[in-house]
Amino acid sequence: MDIDMNVPHEYVTAIDHVGVAVPDLDEALAYYRDCYGMVALHIETNEEQGVKEAMVGLPNQHPNAALIQVLSPLSEDSTIGKFLAKNGPGLQQLCLRTNNLDALSEHLKAQGKRLLYPEPKKGTAGARINFVHPKDAGGVLLELTEPAS
Ligand code: CMX
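Rules used in this analysis
- Residues numbered from 1 in each chain as written.
- Predicted model: local features only at pLDDT ≥ 70, side-chain atom pairs only at ≥ 80, totals over all residues.
- Heavy atoms only, no water.
- Phe/Tyr/Trp six-rings, centres within 6.5 Å; stacked < 30°, edge-to-face > 60°.
- Buried < 20%, exposed > 50% of the residue type's maximum accessible area, 1.4 Å probe, protein only.
- Helix = DSSP H or I, 4+ residues; strand = E, 2+ residues; numbered from the N terminus.
- Lys NZ or Arg CZ within 6 Å of the ring centre and 35° of its normal.
- Near = heavy atom within 4 Å.
- Polar contact = N/O pair within 3.5 Å; in protein donor to acceptor, adjacent residues only side chain to side chain.
- Areas by Shrake-Rupley, 256 points an atom, 1.4 Å probe, with all protein chains shown as cover.
- Nonpolar A, V, L, I, M, F, W, Y, C, P; charged D, E, K, R; others polar.

Trainee: Can you tell me about the packing of aromatic side chains, naming the residues and giving the values?
Mentor: Summed over all chains, the structure comprises 4 aromatic pairs. Aromatic side chains Y31 and Y36 sit 5.3 Å apart centroid to centroid with 90 degrees between the ring planes, which places their arrangement in the edge-to-face category. Judged by its relative accessible area of 39%, Y31 is partly exposed. Y36 sits in the partly exposed class, given a relative accessible area of 45%. Note on Y32 and Y36: the rings are 6.2 Å apart at their centroids and 45 degrees apart in plane angle, and the pair reads as tilted. One end of the pair, Y32, and the other, Y36, are both in helix 1 (residues 25-36), 4 residues apart, so they sit about a helical turn from each other. It is K121 that lies over the ring of Y117; its NZ or CZ is 4.9 Å from the centre.

Trainee: Which residues make up the environment of G112, and what are the values?
Mentor: With respect to the helices and strands, G112 occurs in the loop between helix 3 (101-110) and strand 6 (121-122). Judged by its relative accessible area of 53%, G112 falls in the exposed class. Sequence-wise, G112 and D136 are 24 residues apart; in three dimensions their C-alpha atoms are separated by 8.4 Å.

Trainee: Give a description of the site of the ligand that names residues and reports values.
Mentor: Taken together, 17 residues form the shell around the ligand, and within it Q49, K86, Q92, Q93 and K135 come nearest. Here an oxygen atom of the ligand sits 2.8 Å away from a polar atom, N or O, in the side chain of Q93. Between E143 and the ligand, the recorded distance is 3.1 Å, taken from a side-chain N or O atom to an oxygen atom. Considering the ligand on its own, with 970 Å² of exposed area, one finds that the protein chains cover 66% of that surface. Of all the elements in the fold, those that place two or more residues in the shell around the ligand are helix 2 (79-87) and strand 5 (90-98). Tallying contributions element by element places helix 2 first for the shell around the ligand, with 4 residues. By residue class, the composition of the shell around the ligand is 7 nonpolar, 6 polar and 4 charged.

In structure tokens:
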């Protein structure tokens with residue numbers, strides 16, 4: 001079968017992570033460690049997104065394997081704070097990795113999909129990120145991330 005390398009789906013390279021909203025980051029990290037032997041591979045505070053977050057995985061996993069992003073709110077009126085108030089703890093997002101966020105964004109916009117930000121914002125470890133509105137993504141908040149090189 002011939003594969004057209006120019007079609008937009010070639011811009012999606014991996015399932016990067018699933019994001020889980022939690023009220024208490026340390027409690028959540030203890031849960032993943034004690035129950036599954038998973039560890040925080042990266043922790044950071046992202047003021048713009050209103051979160052303290054951890055990327056959780058297995059200590060020796062493949063560098064490209066999908067992770068769990070544990071998201072705790074910096075305040076009650078942050079996105080995660082409001083999500084917790086409305087839904088309680090749980091799955092908040094699915095994130096796809098891309099090697100060309102700009103091209104993928106243009107493709108999605110041409111399909112009538114609403115991106116939340118007119119321009120990408122800063123995500124985990126300096127990645128460029130944007131989101132597809134859950135109403136345009138099958139009821140799932142879909143993050144797109146282009147990792148920093
Ligand atoms: N997953 C699925 N559906 C969701 C959702 C989510 N996480 N968040 C909201 N929705 C749905 C709601 O159920 C609601 O549907 P109904 O109208 O049928 O009830 C609709 O979307 C609007 O919901 P809302 O409660 O009014 O939510 P807001 O408009 O306040 O916010 C959204 C929704 C997606 C715009 C907001 O969550 C957002 O800006 N997200 C992007 C930023 C983000 O998530 N930052 C934290 C993570 C940071 C990171 O990953 O780095």
